[in-house]
Amino acid sequence: MSDHEDETPSPQMFEYKMLPLHMDFKEFTICKPAPFSCDEEAILERETCDYTQRITYQMARSGQTNRRVRVYADGIYDLFHQGHARQLMQAKNIFPNVYLIVGVCNDELTHRMKGRTVMNGFERYEGVRHCRYVDEIVQNAPWTLSDEFIAENKIDFVAHDDIPYEHDGLDDIYGPLKARGMFVATERTEGVSTSDILARIVKDYDLYVRRNLARGYSAKELNVSFLSEKKFRLQNKMDELKSRGKRELTKVKGDIITKWEEKSREFIDTFLLMFAPERLNHLWNESKGKLIQALSPPGSPAGSVNGDDLDDDDDSTDEYLELPTEYSGGSSTSLNGKKQRSALSRTSYQKRLTAGSSPDDFDDDDDIVYDAEFAERRSN
């Protein structure tokens, strides 16, 4: 067992030092922007580089070098986009151990050689130096690379797309570097470039002007006339009203659908409650009782209208109602025109027949009553 295995870690080995409150963020941050070529960090990196030992392409590709391979890429980098970042990523990863230097041309040279830019030189520098693939920024980069510039910055290889760039009678400004084996090609990202982005802005000019007017920019700042400003603001107002109308319509539709869903659920619950098996049985029993009652009405009451019960054993005996004396001529008359006395005589007569008596046994009074009743029946 070695002596190092017997050692026990002391608390001091895990002690963390607190950073002073007055320390600047740049002094302890892990990620930081790339330094400019004139900064102390870049100067120290350049001075420690042994440029007397030339690195060939085969040596750089194999990774068998005793120092970092210094690769240079240049451009305008206006409106820094993913195509720029992808080009720098390729340059950074083209060899195993690369120190990437990026040259950015200033405004004067760019406007003279290529045209007006959207971003100024400072903004383009800052955009590039905050890309994570970049190790150093060269300000005021030249349009063409001379031997003095290459030697001053100790450049091993130049990375750029392989499209020929003509300048001052040269078919390709990178031609000499290609002949010396100091050029490495990167691929362009199709479908995106600064020119493409500018074309989109020009195509939708009115849209972007209206957008900035809505965000508080003045017509003077956007370089539009008074009438154009009013037109754009009116269009913004109309679009705002349309959007508000769509939102309100969507809200109303949502409320209607919600209410309909609630009502439909209530309807379904009521339907199920009414037509459940128990409810159906109850409804059938009620309906059956009412149907039977309608088809078989109850019989007439047994008593007379004035509450006097008649002592009659025959079920077919009619019930008579007495009429006032002014309608009967002083005698008690029933509703069907029959005298109460006749009814009583008829009952007596029927009882006698039932007892087995003959008509000859009846007295004269009975005959008279019977004849009168018979005549009254015929007249009716």
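Going by the structure above, here's the rest.
Here we summarise the structure given alongside this text. (Residues numbered from 1 in each chain as written. Predicted model: local features only at pLDDT ≥ 70, side-chain atom pairs only at ≥ 80, totals over all residues. Heavy atoms only, no water.)

1. With respect to the packing of aromatic side chains
How two aromatic rings sit relative to each other is set out by the distance from centre to centre and by the angle between their planes.
Consideration 1: Summed over all chains, the structure comprises 8 aromatic pairs.
Consideration 2: A ring pair is formed by Y57 and F95, whose centres lie 5.7 Å apart and whose planes are at 75 degrees; its orientation type is edge-to-face. Taken as a pair, Y57 in helix α4 (residues 57–62) and F95 in the loop between α5 (82–92) and β2 (98–104) lie far apart in primary sequence, 38 residues in all.
Consideration 3: For the pair F95 and F157, a centre-to-centre distance of 5.0 Å together with 50 degrees between the ring planes defines the contact as tilted. In this pair, F95 is assigned in the loop between α5 and β2 and F157 in strand β4 (residues 157–161), connecting sequence segments 62 residues apart. The two residues F95 and F157 agree in class, both being buried.
Consideration 4: Members of the aromatic cluster, joined through ring pairs, are Y57, F95 and F157.
Consideration 5: Directly above the aromatic system of F183 lies the positively charged group of K178, at a separation of 5.0 Å from the ring centroid. (Phe/Tyr/Trp six-rings, centres within 6.5 Å; stacked < 30°, edge-to-face > 60°. Helix = DSSP H or I, 4+ residues; strand = E, 2+ residues; numbered from the N terminus. Buried < 20%, exposed > 50% of the residue type's maximum accessible area, 1.4 Å probe, protein only. Lys NZ or Arg CZ within 6 Å of the ring centre and 35° of its normal.)

2. Here's the deal with the pairing of strand β1 (residues 69–75)
Regular strands place side chains that alternate from one sheet face to the opposite one.
Consideration 1: Within β1, 7 of the 7 residues are buried, which leaves it mostly tucked inside the rest of the structure.
Consideration 2: With burial as the criterion, each face of β1 is covered, one bearing V69, V71, A73 and G75 and the other bearing R70, Y72 and D74.
Consideration 3: Note: β1 against β2, 7 bridges, orientation parallel. Residue V69 lies in a different strand from β2, and its bridge partner there is V98.
Consideration 4: Note: β1 against β4, 2 bridges, orientation parallel. Bridge pairing links Y72 to V158 in β4. (Pairing = 2+ DSSP bridges.)

3. Observations concerning the nonpolar core
Consideration 1: Of all hydrophobic cores here, the largest spans 25 residues; its most connected members are V71, L88, F95, L100, V102, V128 and V134.
Consideration 2: Within the residue set of this core, elements represented by two or more residues are β1, α5, β2, α7 (121–129) and β4.
Consideration 3: When near neighbours in sequence (up to four residues on either side) are disregarded, V134 contacts A34, L88, L100, V102 and V128.
Consideration 4: Counting 19 residues, the second largest nonpolar core, distinct from the first, contains Y72, I76, Y99 and I101. (Core = buried A, V, L, I, M, F, W, Y, C linked by side-chain atoms within 4.5 Å. Contact = heavy atoms within 4.5 Å.)

4. Some thoughts on the layout of surface pockets
Consideration 1: Here the largest pocket is characterised by a volume of approximately 830 Å³.
Consideration 2: I76, H84, K114, Y165 and R188 are the residues nearest the centre of the largest pocket, which is lined by 33 residues in total.
Consideration 3: Taken together, the residues that form the lining of the largest pocket break down as 10 nonpolar, 15 polar and 8 charged. (1 Å grid on protein atoms, 1.4 Å probe; cavity = no way out; pocket = protein on both sides within 12 Å on 5 of 7 lines; lining within 4 Å. Points joined across faces, edges and corners; volume = space filled by probe spheres on them. Nonpolar A, V, L, I, M, F, W, Y, C, P; charged D, E, K, R; others polar.)

5. Regarding α7
Consideration 1: Buried residues of α7: G121, R124, Y125, V128 and R129, and no others. Summarising the axial view, the buried residues of α7 lie within an arc of 125 degrees, below the 170-degree limit, and thus occupy one face.
Consideration 2: Lining the buried residues of α7 we find α5, β2, α6 (107–113) and β3 (136–138).
Consideration 3: With a side-chain oxygen lying 3.3 Å from the backbone nitrogen of F122, the N-terminal cap of α7 falls on N120. (Arc of directions from axis to C-beta. Polar contact = N/O pair within 3.5 Å; in protein donor to acceptor, adjacent residues only side chain to side chain.)

6. Some points on a nonpolar patch on the surface
Consideration 1: Where nonpolar side chains cluster on the molecular surface, the patch consists of V118, L198, I201 and Y208 and spans about 300 Å² of accessible area.
Consideration 2: Here L198 lies in helix α10 (residues 194–203).
Consideration 3: Judged by relative accessible area, which is 30%, L198 ranks as partly exposed. (Patch = residues over 30% accessible without salt bridge, like charges linked within 9 Å, V, L, I, M, F, W, Y side chains within 5 Å. Areas by Shrake-Rupley, 256 points an atom, 1.4 Å probe, with all protein chains shown as cover. Salt bridge = Lys/Arg side-chain N within 4 Å of Asp/Glu carboxyl O.)

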